[in-house]
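One letter stands for each residue in the lines below.
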Amino acid sequence: MKIILMRHGQAENESRPDSARQLTEYGQQQAAQTAEYLIEHYRPDHFVVSPYDRAQQTLAELQARATDVPASVQDNITPSDDAHAALIELGHIEANCLVVVCHMSIVANIASLLTGASPESFSLAEARVLEMEFVMSGMAEEVDRFVPMQP
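This text gives an overview of the structure that appears in the document. What you see is a predicted model; the values in this text were computed from it and never measured.

1. Quick look at helix α3 (residues 83–90)
An α-helical turn contains 3.6 residues, so a residue and the one three or four places further along point in the same direction.
Link 1 in the chain: Residues of α3 that are buried: Ala83, Ala86, Leu87 and Leu90. Relative to the axis of α3, the buried residues are bounded by an arc of 100° and lie together on one face.
Link 2 in the chain: Summarising the contacts, the buried residues of α3 are in contact with β2 (46–49), β4 (97–102) and α4 (106–115).
Link 3 in the chain: The distance from a side-chain oxygen at the start of α3 to the backbone nitrogen of histidine 84 is 3.3 Å, and the residue carrying that oxygen is aspartate 82.

2. Quick notes on the side chain of arginine 128
Link 1 in the chain: Mapping arginine 128 onto the fold places it in strand β5 (residues 127–131).
Link 2 in the chain: According to the relative accessible area criterion, arginine 128 is buried, its value standing at 3%.
Link 3 in the chain: Among the polar contacts listed, one links the side chain of arginine 128 to the backbone oxygen of serine 121, at a separation of 2.7 Å.
Link 4 in the chain: A polar side-chain atom of arginine 128 sits 2.6 Å from a polar atom in the side chain of glutamate 126.
Link 5 in the chain: Excluding its chain neighbours within four sequence positions, the residues that come into contact with arginine 128 are Ile3, Ile4, Leu5, Glu120, Ser121, Phe122, Glu142, Asp144 and Arg145.

3. Some thoughts on the pairing of β5
Link 1 in the chain: Along β5, four of the five residues are buried, which leaves the element largely enclosed by surrounding structure.
Link 2 in the chain: One ladder, built from five bridges, connects strand β1 (residues 2–7) with β5; its direction is antiparallel. Paired with isoleucine 3 across the two strands is leucine 130, which belongs to β5.
Link 3 in the chain: Bridge count for β5 against strand β6 (residues 141–146) is five bridges, and the pairing is antiparallel. Along β6, the bridge assignment pairs arginine 128 with arginine 145.

4. Brief notes about a nonpolar patch on the surface
Link 1 in the chain: On the surface, Phe134, Met136 and Met139 cluster together to form a nonpolar patch covering roughly 280 Å² of accessible area.
Link 2 in the chain: Within the secondary structure, phenylalanine 134 is located in the loop between β5 and β6.
Link 3 in the chain: Residue phenylalanine 134 is classed as partly exposed on the basis of its relative accessible area, which comes to 41%.

5. Brief notes about the nonpolar core
Link 1 in the chain: Grouped together as the largest cluster of nonpolar side chains are 24 residues, with contacts concentrated most on Leu5, Ile77, Leu98, Val100, Ile110 and Leu114.
Link 2 in the chain: Among the elements of the structure, β1, α3, β4 and α4 are those that each provide at least two residues to this core.
Link 3 in the chain: Here the element with the most residues in this core is α4; it accounts for seven residues.
Link 4 in the chain: Apart from residues no more than four positions distant in its own chain, leucine 114 is found in contact with Ile3, Leu87, Leu130, Met132, Val135, Met136, Ser137, Gly138, Met139 and Ala140.
Link 5 in the chain: Tyr37, Tyr42, Phe47 and Val69 belong to the second largest nonpolar core, which has 19 residues in total.

6. Let's talk about the pattern of salt bridges
Link 1 in the chain: Scanning the model with the defined rule gives eleven salt bridges in all.
Link 2 in the chain: Glutamate 120 is the partner of arginine 145 in a salt bridge, and the nearest nitrogen-oxygen pair spans 2.8 Å. With a gap of 25 residues between them, arginine 145 in strand β6 and glutamate 120 in the loop between α4 and β5 connect regions that are remote in the sequence.
Link 3 in the chain: According to the relative accessible area criterion, arginine 145 is partly exposed, its value standing at 33%.
Link 4 in the chain: Under the relative-accessibility criterion, glutamate 120 is labelled partly exposed at 40%.

What counts, and where the lines are drawn
Residues numbered from 1 in each chain as written. Predicted model: local features only at pLDDT ≥ 70, side-chain atom pairs only at ≥ 80, totals over all residues. Heavy atoms only, no water. Buried < 20%, exposed > 50% of the residue type's maximum accessible area, 1.4 Å probe, protein only. Helix = DSSP H or I, 4+ residues; strand = E, 2+ residues; numbered from the N terminus. Arc of directions from axis to C-beta. Contact = heavy atoms within 4.5 Å. Polar contact = N/O pair within 3.5 Å; in protein donor to acceptor, adjacent residues only side chain to side chain. Pairing = 2+ DSSP bridges. Patch = residues over 30% accessible without salt bridge, like charges linked within 9 Å, V, L, I, M, F, W, Y side chains within 5 Å. Areas by Shrake-Rupley, 256 points an atom, 1.4 Å probe, with all protein chains shown as cover. Salt bridge = Lys/Arg side-chain N within 4 Å of Asp/Glu carboxyl O. Core = buried A, V, L, I, M, F, W, Y, C linked by side-chain atoms within 4.5 Å.

Spatial relationships are all this shows, so hold off on functional conclusions.
Printed below as a string of structure tokens:
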């Protein structure tokens, strides 16, 4: 199975509560680039997204290109949530190619748990493709990575 971990695109400054921050126009372009790449190269069969607005807006770019893929909101993949708890919940989802759209630093911590490597920061709208037999700590291998082009 594959789990594709994706960070949201560039968000506006912090004038709003963190959960309500919106993608900038550039952030929407980043999300669109990554969505194009993922849909062209992979066949997602389930999307999981943080409840935060910027992650939802990033997911919308994927959904526009893969209209038949179901999506669910997972409340414990926000920036400061516990990666262990999030990974346990992700492990209960039946999917062959699961795309998870969330935030730093939880996205780096989930990747670290899956691969057994040290956490490595994700660029904005970066996606990493991890392959594994089943969801368990240390069982994944990173097989691809996409970072949208800078202007």
